[in-house]
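Structure at a glance
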Amino acid sequence: MEVIVKENYDKMSRLAAKIIAEVVREKPRAVLGLATGSTPMGTYKELIRLHKEEGLDFSQVVTFNLDEYIGLPPEHEQSYHYFMKENFFDHINIPPGNIHLPPGMVENLLEACRQYEQDIKDAGGIDIQLLGIGVNGHIAFNEPGSSLGSRTRVKTLDNNTIQNNSRFFERIEDVPKYAITMGIGTVMNSQRLLLLATGVNKAHAIAITVEGPITALVPATIVQLHRQATLVVDRQAAAELKCSYRDSPHDLSEAVAYIKRQKGKKS
Ligand code: F6R
């Protein structure tokens, strides 16, 4: 697992967008797993800038979002369909047919979950999955206690999550109680994970995720087992980490300089 601590939210967001843009440039038909919430908003803003100013092309990209509230129609301002349209899809050149979010209004939920898994498979699997993290360590809507091998399914939201998300609703009673979410197993099947965290209220969850034992009580800890997981966090979210981590990705220049010095000594 690669842990990168950036100075602030903007730098974290720019790096996350750069990593995603690299995937898209390398593979124009890339399959992106996307997240909602406040954390990735800066990343979407930067990806939109890269599209508008540097021609980053999304015309062949396919997307799958992590989750959706049950009971909110796509036009509802707090639905994740609405969030993604407003904050990302309406500003890039992705064909609407390439966009997938779990449906929150279908009655045959079991079939919808099965179909979502099948659609991801048919698209060739997710190349890079963007993740936020809950204060309680959830990823997507996989709340504490979720099976670490779970697939797309319906979950009841934790009281803690309902409380946290109530900031987006008029009254706490308006926060949906159920969500349809990719499972932890679904997320772990992605080729690459990119988990972001910002702010001091995420510091505890990040410390356990990176340095704690793997446990269903903190679902994000499973990313320790992923073969290509990158965590980009700001200094505040890194505040409770005990070990020190790198400040920039892929910066092997010091190691390469060392090899050169060693070679120089021999000759
Ligand atoms: C959203 C999602 C959630 C959020 C998490 C953090 O699609 O899957 O797991 O990533 O609740 O939310 P924010 O970023 O608002 O703190």
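The text that follows walks through the structure, step by step, so that each part is easy to find. A quick note: this is a predicted structure, and the numbers were derived from the prediction, not measured.

A few words now on the layout of surface pockets. For the largest pocket, the calculated volume is near 630 Å³. Lining the largest pocket are 35 residues, and of these T36, G37, S38, N165 and R167 sit closest to its centre. For the lining of the largest pocket, the secondary structure elements donating two or more residues are β4 (67–69), α3 (80–87) and α5 (159–165). Residue contributions to the lining of the largest pocket peak at 4 residues, all from α5.

All right, on to the nonpolar core then. Here is a general trend for soluble globular proteins: nonpolar side chains tend to be buried in one another's company. Residues L32, L47, F58, F88 and L194 are the most contacted members of the largest nonpolar core, which totals 41 residues. Every element with two or more residues in this core is listed here: α1 (9–26), β2 (31–34), α2 (41–54), α3, β6 (128–131) and β9 (192–197). If one sorts the elements of this core by residue count, α1 sits on top with 9 residues. Discounting chain neighbours no more than four positions away, the residues touching L47 are A17, I20, A21, L56, F58 and F88. By size, the runner-up hydrophobic cluster in this structure holds 33 residues, among which are V31, I184, V187 and A229.

We now examine the pattern of salt bridges. In the structure shown here, the tally under the stated rule is 12 salt bridges. For K11, the salt bridge goes to E7, with nearest N and O atoms at 3.0 Å. For K11, a relative accessible area of 31% gives the class partly exposed. On the basis of relative accessibility, which here comes to 44%, the residue E7 falls in the partly exposed class. The salt bridge involving E111 is made with R114; its shortest N-O contact spans 2.9 Å. One end of the pair, E111, and the other, R114, are both in helix α4 (residues 109–122), 3 residues apart, so they sit about a helical turn from each other. Taking the relative accessible area as the measure of exposure, E111 reaches 33% and is therefore partly exposed. Each of R25, E46, R49, E53 and E54 takes part in a single network of salt bridges with overlapping partners.

Time to look at the pairing of strand β8 (residues 178–181). Pairing of β4 with β8 involves 3 bridges; the strand directions are antiparallel. Paired with E68 across the bridge in β8 is I180. Sheet topology note: the strand β7 (residues 153–156)/β8 ladder contains 4 bridges and is antiparallel. Within β8, the residue paired with R153 across the bridge is T181.

About the cut-offs
Residues numbered from 1 in each chain as written. Predicted model: local features only at pLDDT ≥ 70, side-chain atom pairs only at ≥ 80, totals over all residues. Heavy atoms only, no water. 1 Å grid on protein atoms, 1.4 Å probe; cavity = no way out; pocket = protein on both sides within 12 Å on 5 of 7 lines; lining within 4 Å. Points joined across faces, edges and corners; volume = space filled by probe spheres on them. Helix = DSSP H or I, 4+ residues; strand = E, 2+ residues; numbered from the N terminus. Core = buried A, V, L, I, M, F, W, Y, C linked by side-chain atoms within 4.5 Å. Buried < 20%, exposed > 50% of the residue type's maximum accessible area, 1.4 Å probe, protein only. Contact = heavy atoms within 4.5 Å. Salt bridge = Lys/Arg side-chain N within 4 Å of Asp/Glu carboxyl O. Pairing = 2+ DSSP bridges.

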